[in-house]
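Summary of the model geometry
The lines below spell out each chain.
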Amino acid sequence: MEERFSKIIVKVGDITKEDADAIVNAANSSLLGGGGVDGAIHRAAGPDLLTECAGLGGCPAGEAKTTKGYRLPAEYVIHTVGPIWRGGGRGEEKTLENAYRNSLLEAVRVGAKTVAFPAISTGVYRFPPQRAAEIAVSTVAEFLGEHPEIEQIRLVCFSQESKEYHEAALRSLAGRQGSVD
Ligand code: APR
């Protein structure tokens, strides 16, 4: 299997426990906290995270901004905003791809070598989870091919079903690449 695929780890877990250099938060455009993984990250990081976020002036969908991790094991939190699913006709897939890619560009900018992602937009934002997993895997695999400085990307799923979607997407992509090379 190509090296870049072996750098992608799919697991079930709580992203707030990940000891990666950076964990990615599926935030909303205010960056002022919320439910889901956003709420979990803010609870685990403590109130200083919200204080730093409040000074960032929000974040448009598809973009990413980085803060410290405070009480989290991770040194950094990369806050990104995924698309709200509205049926697929409003560029949601491209916005999700941008959220993954811009988060990884932030990781490179701050020198993070290991990055953990939740399944962005597949909760409150209702993006279809299988398609989201395909976009996640293809985007991070493409980025790893261009940025060998990233050592590992962990796709931290919150359910076995989500893990299986990501694993299937990874097998399919790695298999296709293998047949091509
Ligand atoms: N660790 C890892 N994954 C988690 C965790 C956790 N602790 N908690 C939830 N998840 C998973 C969800 O199961 C889902 O698969 O994260 C994925 C993203 O779901 P949400 O957190 O609902 O995020 P999203 O769908 O992107 O919606 C963002 O929700 O929490 C609010 O403020 C946030 O308004 C924003 C919106």
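For the structure, check the block above.
Per chain, the residues get numbers from 1 upward, laid out in the order the sequence is written. Local features in this predicted model are restricted to residues of pLDDT 70 or higher, and side-chain atom pairs are both shown and tallied only at a pLDDT of 80 or more, whereas totals for entire chains, interfaces and linings draw on every residue. In computing side-chain values, all of the structure's heavy atoms are included and hydrogens and water are not.

Turning our eyes to something else, we now look at the nonpolar core. If you look at the biggest cluster of nonpolar residues, it comprises 34 residues, and the most contacted ones within it are F117 and I153. Elements are defined by DSSP. Helices are runs of H or I of four residues or more, strands are runs of E of two residues or more, and each kind is numbered from the N terminus. For this core, the secondary structure elements donating two or more residues are β1 (8-12), β2 (22-27), β4 (76-81), α4 (92-110), β5 (114-117), α5 (129-146), β6 (152-157) and α6 (160-180). Per element, the largest residue contribution to this core is 8 residues, and it comes from α5. Any two residues whose heavy atoms approach within 4.5 Å at even a single point are treated as in contact. Among all residues touching F117, those that are not within four sequence positions of it are I15, V24, Y100, S103, L104, V140, I153, R154, L155 and V156. With 16 residues, the next largest nonpolar core counts A27, A45, C59 and V77 among its residues. Among buried residues, the Ala, Val, Leu, Ile, Met, Phe, Trp, Tyr and Cys ones that are joined through side-chain atoms within 4.5 Å form a nonpolar core. Buried residues are those whose accessible area, probed at 1.4 Å on protein chains only, stays under 20% of the maximum for their type, while exposed residues exceed 50% and partly exposed ones sit between those limits.

In this text, near means that some heavy atom of the residue lies within 4 Å of the molecule or strand in question. With respect to spatial proximity, 21 residues lie near the ligand, and among them G35, V37, D38, G123 and V124 are the closest. Side-chain atoms alone can form a polar contact between residues adjacent in sequence; in general such a contact is a pair of N or O atoms within 3.5 Å, and within protein one must be able to donate a hydrogen while the other accepts it. One of the backbone nitrogen or oxygen atoms of I15 is found 3.0 Å away from a nitrogen atom of the ligand. Here G123 contributes a backbone N or O atom positioned 2.8 Å from an oxygen atom of the ligand. Compared with its free state, where it exposes 700 Å², the ligand has 88% of that area covered by protein. Elements represented by at least two residues in the shell around the ligand include exactly β2 and α2 (36-45). The dominant element in the shell around the ligand, judged by the number of residues it contributes, is α2, at 4 residues. In this classification, Asp, Glu, Lys and Arg are treated as charged, Ala, Val, Leu, Ile, Met, Phe, Trp, Tyr, Cys and Pro as nonpolar, and every other residue, Gly included, as polar. Residues of the shell around the ligand, tallied by class, amount to 10 nonpolar, 9 polar and 2 charged. All accessible-area figures derive from a Shrake-Rupley calculation using a 1.4 Å probe, and residue coverage is judged against the displayed protein chains alone.

Look at α4 against α5: their axes get within 9 Å of each other, and the N-to-C directions meet at 35°. The element α4 and its partner α5 pack so that their crossing is right-handed. Within the contact between the two elements, α4 uses E93, L96, E97, Y100, R101, L104, L105 and V108 and α5 uses R131, A132, I135, A136, T139, V140, E142 and F143. Looking at side-chain class alone, the contact of α4 with α5 contains 10 nonpolar, 1 polar and 5 charged residues. Lines are fitted to the C-alpha atoms to define the axes, a helix being fitted only along its stretch in contact, and any angle between axes, read from their N-to-C directions, falls within 0 to 180 degrees. Left-handed describes a crossing whose near helix is turned anticlockwise from the far helix through less than a right angle; right-handed describes the clockwise counterpart.

Time to look at the environment of A136. Relative to the elements of secondary structure, A136 occurs in helix α5. In this structure A136 comes out as buried when scored by relative accessible area, which is 0%. Here the alpha-carbon distance between A136 and G57, two residues 79 residues apart in the chain, equals 26 Å. Ignoring anything within four residues of it in the chain, the contact list for A136 reads Y100 and H166.

Once that is clear, we can look at the sheet that holds β2. In this description, strands pair whenever DSSP reports at least two bridges between them. If you trace the 6 strands from one edge of the open sheet to the other, you get β1-β6-β5-β2-β4-β3, paired in mixed fashion. Of all the strands in the sheet, the pair left with one neighbour each is β1 and β3 (64-68). If you compare each strand with its neighbour and ignore which way they point, the axes differ by 25° on average. Taken together, the 4 bridges between β5 and β6 define a ladder with parallel strand orientation. Bridge pairing in β6 links A116 to R154. Packing of α2 onto the sheet brings it into contact with β2 and β4, and relative to β2 it is tilted by some 130°.

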